[in-house]
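Remarks on the overall topology
What follows is each chain in one-letter form.
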Amino acid sequence: MDGSIGTPIPRRDAMAKATGAAQYAADFGHTGTAYAALKLSSVARGRITRVDTAAAEAVPGVQLVLTHRDMNQDLGAETFIMKGGHMQSSFMPLTSDEVHYSGQIVGLVVADTTEAAEQAARVLNLEYAAQHGFASIDDPGRTKNTVEKPEITVGDADAAMAKAPVRVDQEYSTPAQHHNPMELYATTASWNDGKLTVHSPSQWVMGQRAALATIFGIAAEEVHVVSPYIGGAFGCKATLLPHTVLVAAAARRLGRPVKLVVPRDAMFTVGSFRPATRNRIAFGAERDGTMVAMVHEAVGQTAEVDHIAFPGTNVTSRMYDIANIKTSESTIATDVNTPGFQRAPAEASSFFAFESAVDELAVALGMDPIELRIKNEPKVDPVKGLPWSSRSLVQCYRRGAELFGWDKRTPGVGSMQTDDGVLIGYGCATATYPSAMVPAAAHVALSADGLLRVRTSAHDVGTGAYTVLGQVAADVLGIADEHVRVELGDSDLPSGPMSGGSVTTGSAGSAVHMAAMALREKLLLVATAAKGPFAGRDPATLQFASGHVVGADGTAHSLADILKASPAGSLDASAEWKPDLMDAEKMQASLLGGFALEGPVTKTHAIYSFGAQFAEVRVDPLLRTIRVSRMVGAFACGRIINPRTARSNLAGGMVWGASFALLEQSQVDHPRARFANQDLAGYHISSCADIGEVTAEIVDETDTVVNAIGAKAVGEIGIVGMPAAIANAVYHATGIRVRKTPILIEDLLG
Amino acid sequence: MPDTLPPETPLLVTLRVNEHDHPLALDPRTTLLDALREHLGLTGTKVGCNHGTCGACTVHIDGRRQLACLVLAAAAQGRDIRTIEGLSDADGALHPMQAAFVAHDALQCGYCTPGQIMSAVACVTEGHTRTDAEIREYMSGNLCRCGAYPNIVAAVRDVAQQKAA
Ligand code: FES
Ligand code: FES
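Remember, it's a predicted structure, so these values are computed and weren't measured experimentally. Residue numbers run consecutively from 1 along every chain, following the written order of its sequence. Each chain is given a letter, starting from A, and each ligand a number, starting from 1, according to the order in which they appear as written. Whole-chain, interface and lining totals are the exception, using all residues; otherwise, since this is a predicted model, local features are given only for residues with pLDDT of at least 70 and side-chain atom pairs are given and counted only at 80 or more. Based on all heavy atoms of the structure, the side-chain values leave hydrogens and waters out of the count.

1. What about the overall build of chain A?
Stated precisely, the cut-off is as follows: In this text, helices come from DSSP runs of H or I with a minimum length of four residues, and strands from runs of E with a minimum of two, each type numbered from the N-terminal end. Only protein chains enter the accessibility calculation, which uses a 1.4 Å probe. A residue is then buried if its area is under 20% of the maximum for its type, exposed if over 50%, and partly exposed in between. Between two residues, a contact is recorded if the distance between any of their heavy atoms is within 4.5 Å. Accessible areas in this description were obtained via Shrake-Rupley with a 1.4 Å probe; residue shielding takes into account the shown protein chains only. Two residue types count as positive, namely Lys and Arg, and two as negative, namely Asp and Glu; His and chain ends fall outside the count. To locate a charge, take NZ of a lysine, CZ of an arginine, CG of an aspartate or CD of a glutamate.
A count of helices and strands for chain A gives 19 helices and 30 strands. Structurally, chain A occupies a C-alpha span of about 80 × 75 × 50 Å along its principal axes. Taken over 750 residues, chain A has a buried fraction of 66%. Within chain A, residue pairs in contact and separated by at least 24 positions form 80% of the contacts whose partners lie at least 6 positions apart. Split by element, the accessible area of chain A, about 25000 Å² in all, is 50% carbon and sulfur. Of the charged side chains in chain A, 63 are positive and 79 negative; the average position of the first set lies 1 Å away from that of the second.

Below you can see the structure in the form of structure tokens.
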């Protein structure tokens, strides 16, 4: 099958996944494996005063009990991701008697069987001197810390706001949320001749390799991180998590492989989560709908042990053509594990607020919310005055409105009902996601058997990278899809980017493209050399198609024939790609497992994907239950390599958006300062019955700036506008403006 | 006080999985899920919660869908257990439901997929496929965090229609 760019070929890994053959981290078997179990702190804050391991050690089959008393000497220092390191947090459990949050790892037990390890962890006895903790930004006495740099000031927002004839000014809140990928965190570590092999689901095998090398004092080449399949990640498997370090330390001590599968409840505290937010948004507008002022004050939850902020004001300030903008950002520290990246970390929460506020402005103006947005469409980036690399938001609104049937909407609140009185609401919202670029390396090889191998240590977290990256190479070389093999998710491969921030297709894809172009050059050289089948011809006149090189006169020779003319009978090429404006030194550091990002706002352009999202909700007039019966999203993300995997990814993001709007919250047990609903029975995510029709439409767009393949961000934009579109639809159905998520029955009792 | 019980002697259990008998010596607390994954190396069946809330561990026991994490291995002795590895034909041809999941892109990360497929096969056998709404309801015991639901429903509908035709 033709596997060129733009072809909706089936997912390359679909067969392996549908038959159960795909191996995820916990599926790899090792002879002699011992099993680990975690002990988590039962208090939120304080010190461990006593450790009694006797009962745990007495459980038959127990091999090792690790607490903070045993660990210090094992570990070298690694740092927090936001300070240039690779760790999920600055705080490494088991390195002191300190307890900073409930559910912190305070012990690790290893035994011959899972059952024995779990039993021993239960009877490992720790005593604490506990202090009162606070796990919510709404708890009394929490103070705000201003984040210094990111303030944005354009014009004079206060003065323009004061003069504006129409104003809206509200605060919106979102709760803490947890990623909850279906695959649990799992690590198997084994040591061989001083070399460490780790099977752990990872969005960043190169980063984890670098970090583990530092921590265990060995060379990076002596660490092998293997993660070919990842059972959902959404940001929580990007950084190195402490349990992986502890499992590797235990394996080294025991001299045998150790495997840990982290239980679902522990997933809420041994990794990261999406922090709670409060966003104040104010708009000032002329009566004709011209926006004249915007203020966005963002407050986000962070941890006592770390400062991390995902405010999103740098994105909201770029949405509409507004001459006066003022933003500020601050954080509130709580006694919880360090928050982290979760699908559209800054954008999902801030756009719930921002795009709800735009809808409130439309209501205040008596304007159609789509026309209000289109009226304020900016020609250039409102903050820096830079051109967009591409921006097709208006086309997205037009196409989305058509697919959704927006013209059937009657604007009055509660004006649309079914025959049996169910209230129907239509809402819309803008989505965007920054397209940043990360350096990447790739290797492509064409062998005598006709197979094209594409290798880079990027990751397919369900996004379609296995399929898409192969298509980029196949497109350059005119090779049918069935002759393409793609290897990802292994730190022995050429350095790929962290698969986060929707960078994989653009960044790893650019590296693959560059390597494939280099291989194409080599093939042309061989083909036109003295002994080649096209001896003496001008390479510029030759084309690649259907596994052949074709001359201007129609003569065709298969790639296999051309390879026969090469000395080795095969050809390969490597490439190291960097974003145009990045310097080489930064690229090298990044390829070694550092993290260097270019964009989304470069010296010359603002580079973002855009989308328009629509929701139809149905609210029961008596019970006030809310159903999302239809969702439509129209997105422009540059060149789409594979519309099939892209649509699934975008639709999945929309399902996340519905889940965000109506279901998800990590509830806080205030007195005990901990998350209270730490399982999938208590933490609700969308199930099949919660999701109605979903349409993810791709709007054609050409972007010649973003990178060589013209691909912008796809992976996260799907969630961004959905929560506000749903909240706006709920308002349209009921007249009740809910300024928090999740929107629940009790919010609509009026 | 189960935590203070003396060491258990291994339990001898024979599990019949995908039409093969497997004699095993297990800790009596071993779940069917752990027996399949850790003792028989049948890792197609996934673990997502270990307590019956996600559906990733769905297998068929005597032809009905069951959560392997909620069944003790000892209680599965003498029953006919089928896992995702035993779904395709002896000659390796995909089960129609597996083919439909591939054809409709009803999977992303693929982690929920074996459970979804086992559930979907049973859903069709049970006849709970008369409408999309019914499919959605009867497939809701299998969570998919990637949000592949619309395509999962399309795959199940497709197989149900093939069967009816
Ligand atoms: S692992 Fe059995 S239901 Fe989740
Ligand atoms: S495909 Fe990822 S959880 Fe369903």
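2. Details of the sheet that holds strand S21 (residues 484-487) of chain A
Pairing between sheet strands relies on hydrogen bonds along the backbone, with the strands arranged either parallel or antiparallel. Residues and elements named next belong to chain A. Where we set the bar: At least two DSSP bridges between two strands are needed for those strands to be called paired. Between the N-to-C directions of two axes lies an angle of 0 to 180 degrees, each axis being a line fitted to C-alpha atoms and, for a helix, fitted only over the stretch in contact.
With respect to topology, four strands assemble into an open sheet ordered S21-S20-S19-S25, the strand pairing being mixed. Only two strands of the sheet have a single neighbouring strand rather than two, namely S21 and strand S25 (571-577). Ignoring strand direction, the axes of neighbouring strands in this sheet form an average angle of 15°. Across four bridges, strand S19 (residues 440-446) lies against strand S20 (residues 452-455) in antiparallel orientation. Counterpart to Leu-446 in the pairing with S20 is Leu-452. Where helix H13 (residues 465-477) meets the sheet, it contacts S20 and S21, and its direction lies at approximately 130° from that of S20. Along the sheet face, helix H16 (residues 584-591) touches S19 and S25 and points at about 115° away from the line of S25.

3. Notes on the pattern of salt bridges
All names here are of chain A. Rule in force here: In the sections that follow, a salt bridge refers to a side-chain nitrogen of Lys or Arg positioned within 4 Å of a carboxyl oxygen of Asp or Glu.
For the structure shown, the criterion picks out 43 salt bridges over all chains. Measuring nitrogen to oxygen at the nearest pair gives 3.5 Å for the salt bridge that ties Asp-335 to Arg-45. Within this pair, whereas Asp-335 is found in the loop between strand S16 (324-334) and helix H10 (347-365), its partner Arg-45 is found in the loop between strand S1 (34-40) and strand S2 (46-52), the two being separated by 290 residues in sequence. In this structure, Asp-553 and Arg-537 form a salt bridge, with 3.2 Å as the shortest nitrogen-oxygen distance.

4. Things to note about the interface of chain A and chain B
Rules: Note on definitions: buried area is the accessible-area loss of two parts on being combined, 1.4 Å probe, summed for both. In the analysis that follows, any N or O atom pair within 3.5 Å is treated as a polar contact, provided that within protein one partner can donate a hydrogen and the other can accept it, and provided that, for residues neighboring in sequence, both atoms belong to side chains. In this classification, Asp, Glu, Lys and Arg are treated as charged, Ala, Val, Leu, Ile, Met, Phe, Trp, Tyr, Cys and Pro as nonpolar, and every other residue, Gly included, as polar.
Contacts between the two partners involve 57 residues from chain A, matched on the other side by 48 residues from chain B. Among the residues chain A hides against chain B, the three largest losses belong to Glu-115, Met-182 and Cys-688 of chain A. Together they make up 17% of the total. At the junction of chain A and chain B, the tally comes to five salt bridges. Of the charged contacts, one joins Arg-145 of chain B and Glu-664 of chain A as a salt bridge, the two residues approaching to 2.7 Å between their closest N and O atoms. At the junction of chain A with chain B, the criterion picks out 29 residue pairs in polar contact (both at pLDDT 80 or more). If you list the elements that add at least two residues to the side of chain A that touches chain B, you get helix H1 (14-19), helix H4 (114-123), helix H17 (643-662) and strand S30 (691-698) of chain A. Tallied by class, residues from the side of chain A that touches chain B come to 26 nonpolar, 19 polar and twelve charged.

5. Considering unusual backbone geometry
Residues Gly-599 of chain A and Pro-600 of chain A are joined by a peptide bond in cis, for which omega reads 5°. Of note, the amide linkage connecting Thr-741 of chain A to Pro-742 of chain A takes the cis form, showing an omega dihedral of -10°. Within the fold, Pro-742 of chain A resides in the segment after helix H19 (722-734). Positive phi values are uncommon outside glycine, yet Ala-673 of chain A reaches one of about 50°. Note on placement: Ala-673 of chain A falls in the loop between strand S28 (668-669) and strand S29 (674-675). A relative accessible area of 1% means that Ala-673 of chain A is categorised as buried. Here the phi dihedral of Asn-18 of chain B falls at roughly 50°; this positive angle occurs in a residue that is not glycine. You can call Asn-18 of chain B buried: its relative accessible area is 14%.

6. Quick look at the pairing of strand S11 (residues 195-199) of chain A
Residue and element names in this part refer to chain A. Relative to S11, strand S10 (residues 186-192) is paired through five bridges, and the arrangement is antiparallel. Residue Thr-188 lies in a different strand from S11, and its bridge partner there is His-199. Between S10 and S11, which follow one another and run antiparallel, lie two residues, and Asp-193 among them has a positive phi close to 50°. Two strands pair when backbone bridges link them, and S11 and strand S12 (residues 223-226) are joined in this way by four bridges, in the parallel orientation. Paired with Val-198 across the two strands is Val-225, which belongs to S12.

7. Section: the nonpolar core
Residues and elements named next belong to chain A. We apply this condition: Throughout this description, the term nonpolar core refers to a set of buried Ala, Val, Leu, Ile, Met, Phe, Trp, Tyr and Cys residues connected via side-chain atoms within 4.5 Å.
Counting residues in each nonpolar core, the largest one holds 251 residues, and the members touching the most others are Phe-216 and Phe-283. Every residue in contact with Phe-283, bar those within four places of it in the chain, is listed here: Met-161, Val-166, Arg-167, Val-168, Met-291, Ala-293, Met-294, Ile-322, Phe-354, Ala-357, Val-358 and Leu-361. Membership of the second largest hydrophobic core comes to 13 residues, among which are Val-65, Ala-111, Ala-117 and Ala-121.

8. Focus: the packing of aromatic side chains
In this description, a pair of aromatic rings is defined by centroid distance and the angle of the planes. Residue and element names in this part refer to chain A. Keep this limit in mind: Under the pairing criterion, centres of Phe, Tyr and Trp rings, with the six-membered ring standing for Trp, must be within 6.5 Å; the plane angle then separates stacked pairs below 30 degrees from edge-to-face pairs above 60, leaving the rest tilted. Each ring is checked for a lysine NZ or an arginine CZ that lies within 6 Å of its centre and within 35 degrees of its normal; such an atom marks a charge sitting over the ring.
Summed over all chains, the structure comprises 22 aromatic pairs over all chains. Residues Phe-234 and Trp-656 carry aromatic rings whose centres are separated by 4.6 Å and whose planes lie at 50° to one another, so their mutual orientation is tilted. In this pair, Phe-234 is assigned in the loop between S12 and helix H7 (242-254) and Trp-656 in helix H17, connecting sequence segments 422 residues apart. A relative accessible area of 13% means that Phe-234 is categorised as buried. Here the aromatic residues Tyr-397, Phe-404, Trp-406, Tyr-426 and Phe-614 are joined through ring pairs into a cluster of three or more. Here the basic side chain of Arg-391 rests over the ring of Trp-388, its NZ or CZ set 4.7 Å away from the ring centre.

Note that every value here comes from positions in space, so none of it alone points to a role or purpose.
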